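# Structural features, examined
Below are the chains, spelled out letter by letter.
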Amino acid sequence: MIYKKLKTYAPERMGFVYVGILMALLAAGLSVASYYYLYRFLRKVIVDVDMTGAVPLAMDVVIFLIANALVYFLALWSTHILAFRLETNLKKQGLRHLMNASFSFYDKNESGRVRKIMDDNTALTHSSVAHLIPDLTTAVFAPLLGIALAFYVDWRIGLLFTVSFLSGILFIRKMMGDQNFMNQYMAASDKMNSGAVEYVRGIHVLKIFKTSLQSLKEFYRSVTEYADLALKYSMSCRSWYVFFQVFYNAVFLVALFFGYGSGDDPRVQLCKFLFYALFNGILYMALNKVMYVGMYTYQASACIEKIEKLFSEMDEKKLSTGQRETMEGSSIEFQDVTFGYEDQKVIKHFSLKLEEGKTYALVGASGSGKSTLVKLISGFYQLDDGHILIDGHDLSEYTEGALAQNIANVFQDVKLFKKSIYENVRMGRPDSSRQEVMEALHLAQCDEILNKLEKGEDTLIGARGVHLSGGEVQRIAIARAILKDAKIIILDEASAAADPENEYELQLAFANLMKKKTVIMIAHRLSSITGVDEILVIDDGKLVERGSHSELMAHNSVYQKLQEDFMQANEWRVRE
Ligand SMILES: Nc1ncnc2c1ncn2[C@@H]1O[C@H](COP(=O)(O)OP(=O)(O)OP(=O)(O)O)[C@@H](O)[C@H]1O
Ligand SMILES: [Mg+2]
């Protein structure tokens, strides 16, 4: 299974698998060979008492040991090259999937979590794959060759090794427990880790509200759950582990009896015994490797599985795009559109026609679906039912680039990048000149913001000491949208940004942006929308009223009620 994954994710480095196996195989042979010379050395010294003849044999032992170390190093080297490539490729694939991921994916997954899954798992995959291949080869071949050598020395030692190796494997299997348990353990560890991340992220909120207990409890529970499982696991290994250790040492005793009853020359017996005692180590080492191989295999496949699960989440609800590269007109039509982020529908059988070049305002209670509607126009989500047409063509006929180029968004929750203000604005149209960028900043009423900052438009967003209010951030985003010069403008005004000082500047900025465009604005300050061509009143995902300000105010309408509420709220604010 790992092999198959390697072939999928690092096909160009598969040669290193074979080099790694070959080198590890050679290393196993070299290490067993060094023991062969060791045995001959012992016989020369103890049985023949020939010191001069023993020296070259001792040299052989050393040479083979050094060669073994070198070759094993080469084996690890080549598997690391493979593993690094695997990690790089997995990360690249992750980025590729992220670029194409649907908005639903970004809604559901915090960037921190995604990054953690990618980073942690690719790193673990890397280390387990790098060690898995040489270890597995050694674990299989060192005992095989070793046992063959043992039979050569004395068939009884060979037999003893065979028995002890096989029972060692049995003990290890028992000790490792079943896979289910391992899955639970990994899940508990993940939960604890993500709990810790969340806790650290939320600390400032906890501090403000001083309600630390509830969230602490969750985190605390995940820690104790993990501790319990870890303890349970260790305890379940305990007896088998003790058994394993005692067995390995007890085998020594058995060996003594062997020697005792063999009838060999005592000096030969001594040689065989010393060989046995030293050689037992190689077997013990191989068994340990078997243990690690189990762990590495499990780890590597679990990690790749997690990464692949993330990939498939990224691919879910992906939008289909078409071939149409240009957008001639900018009329917008909703045809019986139904949409929900999850099962619950947020937009219900929504139909609407918006004419080119006009300005529309969407109003409605919080949560009525205004932001959702404009996100749908931008083509961020797949509709559950119905169609949205721009200039008479279904959204899905346009290329991603065509939509991005012709629709400019200034959302409620504008995000600026960690770049200079200038760079942030220039992203609207990357080929624009400095003068054009400055002009856009000027039209968006940003001069005052720039003057306030020491480095002006070259100020780095997010740098120390640079604090911009919500309204100021939105003005910079408007500059970006102005520069983009798109056919359709969508403004989702942030209610939080509606401080009175900003209001006037924002209005001017909007006015400059909206010239000769099809504009849809969502306004929370109803005072600011009286001048639009048409007001659309949304309630619970449906269009309930449309008309000009005066038309809607003329009769007992939902809009009138909204206006009254807004006035009242304003009054409260004034009184306060
Ligand atoms: N990413 C999302 N995932 C799941 N549900 C969402 C998501 N975004 C919004 N919703 C839900 O969809 C409904 C409509 O939300 P929407 O943001 O469109 O309202 P809105 O009219 O813009 O409200 P507001 O005036 O407060 O900005 C709400 O019930 C909201 O909880
Ligand atoms: Mg909204």
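Residues numbered from 1 in each chain as written. Chains lettered and ligands numbered in written order. Predicted model: local features only at pLDDT ≥ 70, side-chain atom pairs only at ≥ 80, totals over all residues. Heavy atoms only, no water.

## Some thoughts on the domain arrangement of the chain
- Domain annotation of the chain identifies domain 1 (2-183 + 236-315) and domain 2 (332-415 + 482-575).
- The distance between the C-alpha centroids of domain 1 and domain 2 comes to 63 Å.
- Taken together, the contacts link 4 residues of domain 1 with 4 residues of domain 2.
- Taking both partners together, domain 1 and domain 2 bury about 370 Å²; carbon and sulfur atoms supply 54% of that area.
- Three residues, Phe103, Asp107 and Lys108, lead the burial of domain 1 against domain 2; their summed loss comes to 78% of the area buried on that side.
- The interface formed by domain 1 and domain 2 contains 0 salt bridges.
- Where domain 1 packs against domain 2, one counts 1 residue pair in polar contact (both at pLDDT 80 or more).
- Split by residue class, the side of domain 1 that touches domain 2 holds 1 nonpolar, 1 polar and 2 charged. (Domains from an automatic or database assignment. Contact = heavy atoms within 4.5 Å. Buried area = accessible area lost by both parts, 1.4 Å probe. Salt bridge = Lys/Arg side-chain N within 4 Å of Asp/Glu carboxyl O. Polar contact = N/O pair within 3.5 Å; in protein donor to acceptor, adjacent residues only side chain to side chain. Nonpolar A, V, L, I, M, F, W, Y, C, P; charged D, E, K, R; others polar.)

## Here's the deal with the UniProt feature "transmembrane region" (unreviewed entry) in the chain
- In the numbering adopted here, UniProt assigns the feature "transmembrane region" (unreviewed entry) to residues 16-37, 57-83, 132-151, 157-176, 240-261 and 273-292.
- Within residues 57-83, the helical portion is 100% and the strand portion 0%, while the C-alpha atoms at the span's ends are 39 Å from each other.
- Helix makes up 100% of residues 157-176 and strand 0%, with an end-to-end C-alpha separation of 28 Å. (UniProt positions renumbered as here; feature names shortened; annotations may be inferred. Helix = DSSP H or I, 4+ residues; strand = E, 2+ residues; numbered from the N terminus.)

## Quick word on a nonpolar patch on the surface
- Where nonpolar side chains cluster on the molecular surface, the patch consists of Leu22, Leu25, Leu136, Val140, Phe141, Leu144 and Leu145 and spans about 590 Å² of accessible area.
- Those elements that provide at least two residues to the nonpolar patch are helix H2 (15-47) and helix H5 (111-153).
- Ranked by the residues each element gives to the nonpolar patch, the list is headed by H5, at 5 residues.
- We classify Leu136 as partly exposed; its relative accessible area is 42%. (Patch = residues over 30% accessible without salt bridge, like charges linked within 9 Å, V, L, I, M, F, W, Y side chains within 5 Å. Areas by Shrake-Rupley, 256 points an atom, 1.4 Å probe, with all protein chains shown as cover. Buried < 20%, exposed > 50% of the residue type's maximum accessible area, 1.4 Å probe, protein only.)

## Section: the sheet that holds strand S8 (residues 518-522)
- If you trace the 6 strands from one edge of the open sheet to the other, you get S6-S7-S8-S3-S9-S10, paired in mixed fashion. In the strand order of this sheet, the two ends are held by strand S6 (407-410) and strand S10 (542-547), each with one partner. Strand-to-strand twist in this sheet, taken as the mean axis angle between neighbours without regard to direction, amounts to 20°.
- In the sheet, strand S9 (residues 534-539) pairs with S10 via 5 bridges, with the strands oriented antiparallel. Pairing of Ile538 across the sheet is with Leu543, part of S10.
- Running at roughly 175° to S6, helix H15 (residues 470-484) makes contact with S6 and strand S7 (488-492) of the sheet. (Pairing = 2+ DSSP bridges. Axes fitted to C-alpha atoms, helices over the stretch in contact; angles between N-to-C directions.)

## Details of the site of ligand 1
- Around ligand 1, the structure places 13 residues, and the nearest of them are Ser366, Gly367, Lys370, Ser371 and Thr372.
- For ligand 1, an oxygen atom lies 2.7 Å from a polar atom in the side chain of Lys370.
- The side chain of Ser371 places a nitrogen or oxygen atom 2.7 Å from an oxygen atom of ligand 1.
- With the chains in place, 64% of the 630 Å² that ligand 1 exposes on its own is no longer accessible.
- Broken down by element, the shell around ligand 1 gets its largest block of residues, 3 residues, from helix H10 (residues 370-377).
- Its residues assigned to classes, the shell around ligand 1 shows 3 nonpolar, 8 polar and 2 charged. (Near = heavy atom within 4 Å.)

## Points about H10
- Among the 8 residues of H10, 7 are classified as buried, and the element is accordingly described as predominantly covered.
- Along H10, the residues that are buried comprise Lys370, Ser371, Thr372, Leu373, Val374, Leu376 and Ile377.

## Describing unusual backbone geometry
- Notably, Asp391 is not glycine yet its phi reads approximately 55°, a positive angle.
- If you check the backbone angles, Asp485 has positive phi at about 55° while not being a glycine.
- The exposure class of Asp485 is exposed, given its relative accessible area of 53%.

## Things to note about the pattern of salt bridges
- In total, this model carries 24 salt bridges according to the counting rule given.
- A salt bridge links Lys191 to Glu225; its shortest N-O distance comes to 3.7 Å. Of this pair, Lys191 sits in helix H7 (residues 179-209) while Glu225 sits in helix H8 (residues 212-261); the two residues are 34 residues apart in sequence, bridging distant segments of the chain.
- Look at Lys191 and you get partly exposed, because its relative accessible area is 43%.
- Between Asp431 and Arg429 there is a salt bridge, with its nearest N and O atoms 3.8 Å apart.
- The exposure class of Asp431 is exposed, given its relative accessible area of 64%.
- Among the ionic contacts, a cluster of salt bridges with common partners joins Glu87, Lys91, Arg115 and Asp119.

## Thoughts on the sheet that holds strand S2 (residues 347-354)
- Strand order in the open sheet formed by 4 strands is S2-S1-S4-S5, and the pairing between neighbours is antiparallel. The open sheet is flanked by S2 and strand S5 (393-394), the only strands paired with a single partner.
- Sheet topology places strand S1 (residues 332-339) next to strand S4 (residues 385-390); 5 bridges connect them, and they run antiparallel. Opposite Ile332, over in S4, you have Ile390 as the bridge partner.

## With respect to the nonpolar core
- Counting 47 residues, the largest nonpolar core has Ile478, Ile529 and Ile535 as its most contacted members.
- With 8 residues, the single largest contributor to this core is H15.
- With near-sequence residues (within four places) excluded, Ile478 lies in contact with Val410, Ala444, Leu506, Ala509, Phe510 and Leu513.
- Tyr39, Phe161, Phe171 and Met175 belong to the second-largest nonpolar core, a separate cluster that totals 43 residues. (Core = buried A, V, L, I, M, F, W, Y, C linked by side-chain atoms within 4.5 Å.)

## Comments concerning the environment of Val537
- Inspection of the secondary structure assignment puts Val537 in strand S9.
- When the C-alpha atoms of Val537 and Tyr559 are compared, they prove to be 6.7 Å apart, with 22 residues separating the residues in sequence.
- Those residues in contact with Val537 that lie beyond four places of it in its chain are Val363, Lys542, Leu543, Val544, Glu545, Leu552, Val558, Tyr559 and Leu562.

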